[in-house]
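# Reading the structure
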Amino acid sequence: MWLPFAEIESASQTLRQVFTLIVPEAFLLVVACLLYLGGTVRSGRNLWASATLTGLALSFWLFWTRTPTGTVSYTHLTLPT
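As a starting point, this report considers the structure included with it. Everything numeric in this text was worked out from a predicted model, so none of it was measured. (Residues numbered from 1 in each chain as written. Predicted model: local features only at pLDDT ≥ 70, side-chain atom pairs only at ≥ 80, totals over all residues. Heavy atoms only, no water.)

## Section: the overall build of the protein chain
- Secondary structure summary: the protein chain contains three helices and zero strands in total.
- If you list the helices and strands of the protein chain from N to C, you get α-α-α.
- Burial status across the protein chain gives 10% buried among its 81 residues.
- Considering only intrachain contacts with a sequence separation of at least 6, the fraction spanning at least 24 residues in the protein chain is 78%. (Helix = DSSP H or I, 4+ residues; strand = E, 2+ residues; numbered from the N terminus. Buried < 20%, exposed > 50% of the residue type's maximum accessible area, 1.4 Å probe, protein only. Contact = heavy atoms within 4.5 Å.)

## A closer look at the environment of Leu29
- Residue position: Leu29 is located in helix H2 (residues 22–41).
- C-alpha of Leu29 to C-alpha of Gly55: the two residues are 26 residues apart in sequence and 9.9 Å apart in space.

## Some points on H2
- Between its terminal C-alpha atoms H2 stretches 29 Å, which fits the 28 Å expected from 20 residues at 1.5 Å a residue.
- Turning to H2, its buried residues are Pro24, Val31 and Gly38. Down the axis of H2, the smallest arc covering the buried residues is 55°, so these residues share one side. Along H2, the residues that are exposed and aim more than 90 degrees away from the buried face are Glu25, Leu29, Tyr36, Leu37 and Thr40. (Expected span 1.5 Å × (residues − 1). Arc of directions from axis to C-beta.)

## Re the side chain of Ser59
- Tracing the backbone through its elements, the reader meets Ser59 in helix H3 (residues 45–64).
- In this structure Ser59 comes out as buried when scored by relative accessible area, which is 6%.
- Ignoring sequence-local partners within four residues, the contact set of Ser59 consists of Pro24, Phe27 and Leu28.

## Describing the packing of H2 against H3
- Between H2 and H3, the least distance of the axes is 9 Å, while the angle of their chain directions is 170°. By the criterion of interaxial angle, the relationship of H2 to H3 is roughly antiparallel. Contacts between H2 and H3 involve Val23, Pro24, Phe27, Leu28, Val31, Leu34, Leu35, Gly38 and Gly39 from the former and Trp48, Ala51, Thr52, Gly55, Leu56, Leu58, Ser59, Leu62 and Phe63 from the latter.
- Here the contact of H2 with H3 is composed, by residue class, of 13 nonpolar, five polar and no charged. (Axes fitted to C-alpha atoms, helices over the stretch in contact; angles between N-to-C directions. Parallel < 35°, antiparallel > 145°, perpendicular 65-115°, else oblique. Nonpolar A, V, L, I, M, F, W, Y, C, P; charged D, E, K, R; others polar.)

## A few points about the packing of aromatic side chains
- The final tally for this structure, using the stated rule, is two aromatic pairs.
- Plain terms: the ring middles of Phe60 and Trp64 are 5.9 Å apart, the flat faces sit at 65° to each other, and that makes the pair edge-to-face. Highlighted residues: Phe60 and Trp64, both in helix H3, separated by four residues, approximately one helical turn. Across this residue pair, the class does not change: Phe60 and Trp64 are exposed. (Phe/Tyr/Trp six-rings, centres within 6.5 Å; stacked < 30°, edge-to-face > 60°.)

Below, the structure written as structure tokens:
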């Protein structure tokens, strides 16, 4: 028996699982942009080194405290032929 809504729910669940991994990556992107722009305004190796380490630590924290939604499964995603 074919259930189209079961496939939609499965795809929706997979997208939710994958998007939880994007938050730390997006945060790193924002930190990198701020470091690049901040380095043009104010110089200081110690300032930007500490800002970099703080950004990495916060990204690590975001990664480990994300809401786990199970394992990511790609078995039902197929390319049309």
